[in-house]
Amino acid sequence: MIIKSKKTKWVTLSLLTLSVVSLLAHLSVTKFSTVNLVQYSAMDALRHDFANVLGAPTQIIKNKKKIWGLVQSLQPLQPYANPRSTSYPVPNEQSNGFIYAKIFGGFAQIRSSICDLVTISRLLNATLVIPEIQESTRSKGISYKFKSFSYLYDEEEFIASLKNDLIIVKSLPDNLKAGRKRNEFPNFRPKSSASPNYYIEEILPKLKKAHVIGLVLTDGGCLQSILPPSMAEFQRLRCRVAFHALQFRSDIQILGRQMVERLRGWGQPFLAFHPGLLRDTLAYHGCAELFQDVHTELIQYRRAQMIKRGIVNEELRVDSHLRRENGSCPLMPEEVGVLLRAMGYPPKTIIYLAGSETFGGQRVLIPLHGMFANLVDRTSLCSKKELSDLIGPETPLPLNLFQMPPAKSEKQLKEEWKKAGPRPRPLPPPPDRPIYRHEKEGWYGWITETDTEPDPSPMDLRLQAHRLLWDALDYMVSVEADAFFPGFNNDGSGLPDFSSLVMGQRLYETASSRTYRPDRKVLAELFNITRDNMYHPKHNWTRLVQEHLNKSLGEEGLIRQSSLSKPTLFLSHPLPECSCRISSAEVPTHVKGSDGRILYGGEDECPKWMREKTVSLESAEEGGKLDESESMEYEDDLDKQPESYESGGKINVTLAWDQDEEMDPND
């Protein structure tokens, strides 16, 4: 027993010793592992990611210049909207009368309408009353701090910037206000295609007689886009209004600049993308079948309304896929993601999603977000308080505005289903399954109960006014972006669109900036080729995409933009009227359209003071230029990239960018 007891003690002691040694070993490993975890840098990991995709640091810099650099062939174009004719005098204090106006529509329609309104006021030698923006009137429930115009724009800056062009007042004189309330003054609803002769022959005599006229603008403008060469000064006036006088109110400007600073604070260039997926636009062009389920039904309902009002003169049901192949439908976010990857943009690229409305919601953005994890928008860059402060104090609305529609019997539902016709409709629920409340309270819930869309609620009207503010922020960011890609512009509807306005201002301010002008018809053909292998395209397909998009950046893209977009919206292509060309540059050959209009070239020579300033800046920007002749040089670089475009992640504003990384945007 004694021997066994001693043996047990030794075994126990040995086990305890081994346990202590094991514990010390584990603690040591844990200590070193903790140190390594603390010293881990996401920035180093990001550099490693870029090295895997693009190669060595020198390769990173080379590829960066290819996808972010300026377009060298457009470098000589400079903004110049000042009056150039001695026959453009200061406005006469003895005007022919007052013009007041009501403007309907969204952000793009409002901005274009104001520019046209100022132009015709100058044409008629009239005093302009600050126009009323109907989307932001007090009846829409906006903050009591703002009037309709000042909700979006700076009134004082608007008046001061145009003091040498025309006289602008904030309201009618007191002795005329009563007459307006009694509808004593003539009112007109000019179309966006109205000619200068219409105003001279029809409007001016009545203005001189009544001394006051009213205009109601619903088409996104009130003057034709293309004016005779003798009226070039009026085109430059449009540019001065759009690019100088129409400044957002100070709160919007401050927050917009902060958003740009936050994007640039990550130390990398960023690309702005506007999907252009708006319900009205999709309905106008018949693109319902590109969506599914209830979204298709909503688009078809809006299209039926347009047909009833005479806006659309086509059948209700059209082949959306044929429309897409014709370039009449927008590029889907998934397709844009594939195009950007084909161009060489890495998965870590920062993409700013612009637009206050994206029809289809987050579901249509999932593929793009899967390819580019750093997809951000205003809600990612701004806090809720910052956005709330921009809106201002508003009168509270009732919390529960939803009213349940009267219940329908099973017999009524079956009869309605039988009479519905071949239109795509959501299937009725099974008899034993109830329709839950949340299914009826959505913004589309009405479509399960009735064929008539309900009138907008007070909250809907307020949210429409808020969208003007969100579009203003997105506009500022898109204009300042290192690159811009439109999902839908030149849609042919005749109405201004967000992307076209952004592209026009980028062309005016910095013509050489990377603004893609894709031909959707060409891209639709390319996607049809590789539809089954869209995420693993062949190298030849990638080369075709690169060739097309690189050409869209330069002269070829501008010529196409001038022929398609300018006839409906001058601000989308303010060349050559609002630009000049430095004399040291080679003067391009004038390209004329079938109507004899100059599509490219024809700019005046820049004044001496502007040439000297431009020369001083050229050396600083030399490293970032992209010559179109070099557009295909980086094909071999892309061969080293993986063919697969699969990448994951979620929206994360705290990006792991290294401030000292080789990819400095100032290179």
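Note that the structure is a prediction, hence the values are computed from the model and not measured.

If you trace the three strands from one edge of the open sheet to the other, you get S2-S14-S17, paired in mixed fashion. If you trace the sheet from one side to the other, it starts and ends with strand S2 (77–79) and strand S17 (604–605), each paired once. Both S2 and strand S14 (residues 579–581) contribute to a ladder of three bridges, which runs antiparallel. From the neighbouring strand, Leu77 faces S14, where its bridge partner is Arg581.

Formed by 88 residues in total, the largest nonpolar core has its most connected members in Tyr153 and Phe158. The element that contributes the greatest number of residues to this core is helix H19 (residues 458–480), accounting for 10 residues. Look past the residues within four positions of Phe158 in its chain and what remains in contact with it is Ile114, Val118, Ile130, Phe149, Ile168, Val241, Ala245 and Leu246. Core analysis: the second largest hydrophobic core is formed by 53 residues, Ala283, Ile299, Phe359 and Leu375 among them.

Bringing unusual backbone geometry into the picture now. Along the chain, Leu575 connects to Pro576 via a cis peptide bond; the corresponding omega equals 0°. Position of Pro576 relative to the elements: it lies in the loop between helix H23 (555–564) and S14. Despite not being glycine, Asn183 has its phi angle at roughly 55°, a positive value. With respect to the helices, strands and loops of the structure, Asn183 is situated in the loop between helix H6 (174–181) and strand S7 (187–188). A relative accessible area of 62% means that Asn183 is categorised as exposed. One non-glycine residue, His211, lies in the positive phi region at around 70°. Looking at the element boundaries, His211 is found in the loop between helix H7 (196–210) and strand S8 (212–217). By relative accessible area, His211 is classed as partly exposed at 47%.

The next thing to look at is a nonpolar patch on the surface. A grouping of Val11, Leu15 and Leu18 is seen on the molecular surface, where their side chains present a nonpolar patch of about 300 Å² in accessible area. By secondary structure assignment, the location of Leu15 is in helix H1 (residues 2–39).

Strand order in the open sheet formed by five strands is S11-S10-S9-S12-S13, with parallel pairing between adjacent strands. In the strand order of this sheet, the two ends are held by strand S11 (375–376) and strand S13 (514–515), each with one partner. In this fold H19 packs onto strand S9 (270–274), strand S10 (350–353) and strand S12 (483–486), with an angle of close to 130° to the strand it touches most, S9.

Turning our attention to helix H20 (residues 498–509). In this model, H20 (12 residues) spans 17 Å end to end at C-alpha, consistent with the 16 Å of a helix rising 1.5 Å per residue. Burial within H20 is extensive, with 11 of its 12 residues counted as buried. Three or more residues of H20 are buried, namely Phe498, Ser499, Ser500, Leu501, Val502, Met503, Gly504, Gln505, Arg506, Leu507 and Tyr508. The residue sitting at the N-terminus of H20 and contributing the capping side-chain oxygen is Asp497; that oxygen lies 3.3 Å from the backbone nitrogen of Ser499.

In this section: the state of the cysteines. Covalent bonding between the sulfur atoms of two cysteines defines a disulfide. Per the stated rule, a full pass over the model turns up three disulfides. Each disulfide pairs two cysteine sulfurs, and for Cys287 the partner residue is Cys329, the sulfurs being separated by 2.0 Å. Handedness of the Cys287-Cys329 disulfide follows from its S-S torsion of about -100°: it is left-handed. Of this pair, Cys287 sits in the loop between helix H10 (279–285) and helix H11 (293–309) while Cys329 sits in the loop between helix H12 (320–325) and helix H13 (333–343), placing them 42 residues apart in sequence. Here the two residues Cys287 and Cys329 agree in accessibility, since each one is buried. Covalently, Cys580 is tied to Cys606 through a disulfide, its sulfur atoms 2.1 Å apart. Where Cys580 bonds to Cys606 through sulfur, the torsion about that S-S bond is close to 95°, and the disulfide is right-handed. With Cys580 in strand S14 and Cys606 in the loop between S17 and helix H24 (608–621), this residue pair connects regions lying 26 residues apart in the sequence.

Quick look at the packing of helix H21 (residues 520–529) against helix H22 (residues 539–553) now. Where H21 contacts H22, the axes come no closer than 11 Å and their chain directions differ by 170°. Comparing the axis directions of H21 and H22 gives the class roughly antiparallel. Taken together, the residues of H22 that come into contact with H21 (itself represented by Val522, Leu523, Leu526, Phe527 and Ile529) are Trp541, Leu544, Val545 and His548. In terms of residue class, the contact of H21 with H22 is built from eight nonpolar, one polar and no charged.

Before going further, it helps to examine the pairing of S9. The element S9 is largely enclosed, with a buried count of five among its five residues. The alternating pattern of S9 places Phe270, Ala272 and His274 and Leu271 and Phe273 on opposite faces, both of which are buried. Pairing between S9 and S10: four bridges, direction parallel. Looking at the pairing, Ala272 lines up with Tyr352 of S10. Pairing geometry for S9 and S12, over four bridges, is parallel. Across the sheet, the residue bridging to His274 is Pro486, located in S12.

We now examine a negative patch on the surface. Taken together, the side chains of Glu289, Asp319, Glu325 and Glu525 define an acidic patch exposed on the protein surface. With respect to the helices, strands and loops of the structure, Glu325 is situated in helix H12.

Now for the packing of aromatic side chains. Following the criterion strictly, the structure yields 15 aromatic pairs and no others. Ring geometry for Phe107 against Phe498: centres 6.0 Å apart, planes inclined by 45°, an arrangement best described as tilted. Within this pair, whereas Phe107 is found in helix H4 (residues 107–123), its partner Phe498 is found in helix H20, the two being separated by 391 residues in sequence. There is no split in this pair, since Phe107 and Phe498 are both buried. The structure contains a cluster of three or more aromatic residues connected by ring pairs, namely Phe107, Phe149, Tyr153, Phe158, Phe248, Tyr475 and Phe498. Across from the ring centre of Phe146, 4.0 Å away, lies the NZ or CZ of Arg249, which sits over that ring. The lysine or arginine in question, Arg341, covers the ring of Phe372, its NZ or CZ lying 5.9 Å from the ring centre.

Moving on, we come to the confidence of the model for the chain. Chain-level statistics for the chain give a pLDDT mean of 81 and a share of 79% at 70 or above. Residue range residues 33–58 is modelled with pLDDT below 50. Its contacts to residues more than four positions away, or to other chains, number 28 contacts. Counting contacts from residues 620–667, a segment whose pLDDT is below 50, to residues more than four positions away or on other chains yields 121 contacts.

How each quantity is defined
Residues numbered from 1 in each chain as written. Predicted model: local features only at pLDDT ≥ 70, side-chain atom pairs only at ≥ 80, totals over all residues. Heavy atoms only, no water. Pairing = 2+ DSSP bridges. Helix = DSSP H or I, 4+ residues; strand = E, 2+ residues; numbered from the N terminus. Core = buried A, V, L, I, M, F, W, Y, C linked by side-chain atoms within 4.5 Å. Buried < 20%, exposed > 50% of the residue type's maximum accessible area, 1.4 Å probe, protein only. Contact = heavy atoms within 4.5 Å. Patch = residues over 30% accessible without salt bridge, like charges linked within 9 Å, V, L, I, M, F, W, Y side chains within 5 Å. Areas by Shrake-Rupley, 256 points an atom, 1.4 Å probe, with all protein chains shown as cover. Salt bridge = Lys/Arg side-chain N within 4 Å of Asp/Glu carboxyl O. Axes fitted to C-alpha atoms, helices over the stretch in contact; angles between N-to-C directions. Expected span 1.5 Å × (residues − 1). Polar contact = N/O pair within 3.5 Å; in protein donor to acceptor, adjacent residues only side chain to side chain. Disulfide = S-S within 2.5 Å. Parallel < 35°, antiparallel > 145°, perpendicular 65-115°, else oblique. Nonpolar A, V, L, I, M, F, W, Y, C, P; charged D, E, K, R; others polar. Lys, Arg positive; Asp, Glu negative; His and termini not counted. Charge placed at Lys NZ, Arg CZ, Asp CG, Glu CD. Phe/Tyr/Trp six-rings, centres within 6.5 Å; stacked < 30°, edge-to-face > 60°. Lys NZ or Arg CZ within 6 Å of the ring centre and 35° of its normal. pLDDT = per-residue confidence, 0-100.

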